[in-house]
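# Summary of the model geometry
Below are the chains, spelled out letter by letter.
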Amino acid sequence: MKNMTKHLLAAAIAATVAMPAFAAVSADEAAKLGKSLTPMGAEQAGNAAGTIPAWTGGLTTAGAGFKTGNHYKDPYNDKPLFTITAANADKYKDSLTPGQMAMLKKYADWKLVVYPTRRSSSFPKGHYDETMANATRASLTEGGNGIKGTDGGVAFPIPKNGLEVIWNHLTRYRGEAYATNWSQAAVTRDGSYTPVRFEYEFEFHYGSLTKPKAEREPNKLFNFLQSVTAPARLAGNILLVHEYADQVKDPRRAWTYNPGQRRVRLAPNVAYDNPGTAADGLRTNDDFQMFNGATDRYNWKLVGKKEVYIPYNSYKISGNEMKMADVLKPGHINPDAARYELHRVWVVEATLKPGTSHVYSKRTFYIDEDSWMNVLQDSYDGRGQLWRTSEQHNINYADVPMQYPTVEVHYDLQSARYLAMSLRNDEKTVYVPIKRSAADFSPNGLRRAGVR
């Protein structure tokens, strides 16, 4: 009996440790926001070495002559500080991820060209206000699969566990309703590829600063419509998604339109580790924008915060001065087109729960403290071997304003192939605000979109 009691007590303690903490922060902690912490919860001060500057408000203007929809010009006239290669990687290894070290080891011509750190991240005042208020009002739902107490702003600006950090990534501000065009390429080992062109429309419910609350669907994050326009064999396929916060309560709803059948069908497999659209098996559905969807298949551990060289202010690789062929090279994107900076990131480790399934047994996320964007990710296979490493390049859409993803890359270290997404080099427009009704993001709206 004594042994049984001892085992039950040990099990109870283990379960408590594994559960995320649900308590909101104290008023004293929350008062740091907008002072020693930025409104988003980042450390306002720079680092002791002076290699990371203080945050002073970020980038808030897009420059003279800019018109909404244009490509964003690089606001900085910076020269590289140094370059990290396989030859000198050991010198910088404390600020590199296992995925970056693996890339340096695998490809002799891959490198990180490091520039001065520019804390360009900025967001609308309304988003800051919502975020600061969330510190004492937002909490995780039971089980951690959703959030409550808020319908806008980053949910947990002073996070206490890994799951709260992931929810910050999922609830960060990404605009209102807009359209964008881009291409993706599944690049083979020899560097060949066939671009797939997409048109996207997004409409955000959670966090909207313009949509009346009466028109926001409870628990909904956003709607999006994805249309394939090239190549001809894929053109006309359309995907509609209704994305919810708590996907255990309200599972993701998805529908597809096939031009050959001229029919709208439910698409329940657009989730978790099912393959992404036209990705040649190089990403999962929940890899999109580095992580999306339900959180229920993983245990989430907050490893801590560290300084890492991450893709940031990637105006060159995201602009239209380089063609797609200049960006896409065998094995990896053109490293001379990328920009890396030293930033503080939150490190979160996700391990697959017993009794659940996913092609990734473990994932490590590196999330920028200023924007809560997941900028780097390492994904491990069922054997525990590093399988894929991913990068989210980004810039500041200063006219909005928001720090936002641009080129997204998923490297398969085992096959020497990779997937590059959000390539806008050959596009005329980048981000165009739109007005849409609920009917436009309904199955009937999907049917109309397919036949127009």
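Structure: above.
Read on for an overview of the structure. (Residues numbered from 1 in each chain as written. Predicted model: local features only at pLDDT ≥ 70, side-chain atom pairs only at ≥ 80, totals over all residues. Heavy atoms only, no water.)

## A word on the pattern of salt bridges
Here is the rule: One side-chain nitrogen of Lys or Arg within 4 Å of one carboxyl oxygen of Asp or Glu is enough to make a salt bridge. Each residue's exposure class comes from its accessible area (1.4 Å probe, protein chains only) as a fraction of the maximum for that residue type: buried when under 20%, exposed when over 50%, partly exposed otherwise.
In this structure the tally under the stated criterion is 29 salt bridges. Arg383 serves as the salt-bridge partner of Asp381, at 2.7 Å between the closest nitrogen and oxygen. Overall, the relative accessible area of 7% leaves Asp381 in the buried class. Its relative accessible area of 62% is what places Arg383 among the exposed residues.

## Let's talk about unusual backbone geometry
A negative phi holds for most residues other than glycine; trans holds for most peptide bonds. The line we're drawing: Each helix is a run of H or I in the DSSP string that is no shorter than four residues. Each strand is a run of E no shorter than two, and both are numbered from the N terminus.
Residue Ala230 is joined to Pro231 through a cis peptide bond whose omega torsion reads 0°. Its place among the elements puts Pro231 in the loop between β7 (220-230) and β8 (238-244). Cis rather than trans, the peptide bond between Val400 and Pro401 has omega equal to -5°. Relative to the assigned elements, Pro401 resides in the loop between β17 (386-397) and β18 (402-412). Despite not being glycine, Asp280 has its phi angle at roughly 55°, a positive value. With respect to the helices and strands, Asp280 occurs in the loop between β10 (263-266) and β11 (298-311). Residue Ser422 is not a glycine yet carries a positive backbone phi of 60°. Residue class for Ser422 comes out buried when judged on its relative accessible area of 10%.

## Here's the deal with helix α5 (residues 125-137)
Stated formally: Each residue after the first adds 1.5 Å to the expected span of a helix. For this quantity, the arc is that covered by the directions from the helix axis to the C-beta atoms. A contact between two residues is defined here by any heavy atoms of the two lying within 4.5 Å.
The terminal C-alpha atoms of α5 lie 19 Å apart, and with 13 residues this matches the ideal 18 Å at 1.5 Å per residue to within 8%. All of the buried residues in α5 are His127, Tyr128, Glu130, Thr131, Asn134 and Ala135. Down the axis of α5, the buried set is contained in an arc of 165°. They therefore lie on one face. Looking at the buried positions of α5, the neighbouring elements they touch are α2 (27-30) and α6 (162-171).

## Considerations on helix α4 (residues 98-106)
Listed as buried for α4 are Gly99, Gln100, Met103 and Leu104. The buried residues of α4 occupy an angular sector of 140° when projected down its axis, which confines them to one face.

## A short note on the nonpolar core
Just so we agree on the cut-off: Only buried Ala, Val, Leu, Ile, Met, Phe, Trp, Tyr and Cys residues count toward a nonpolar core, and they belong to the same one when joined by side-chain atoms within 4.5 Å.
Core analysis: the biggest nonpolar cluster contains 64 residues, and Ile166, Trp167, Phe202, Trp300, Phe365 and Tyr397 have the highest contact counts within it. Those residues in contact with Tyr397, other than ones at most four positions away along the chain, are Tyr72, Met402, Tyr404, Pro405, Thr406, Arg424, Val430 and Tyr431. Judged by nonpolar contacts, the second largest core, of 34 residues, contains Ile52, Leu386, Ala420 and Leu423.

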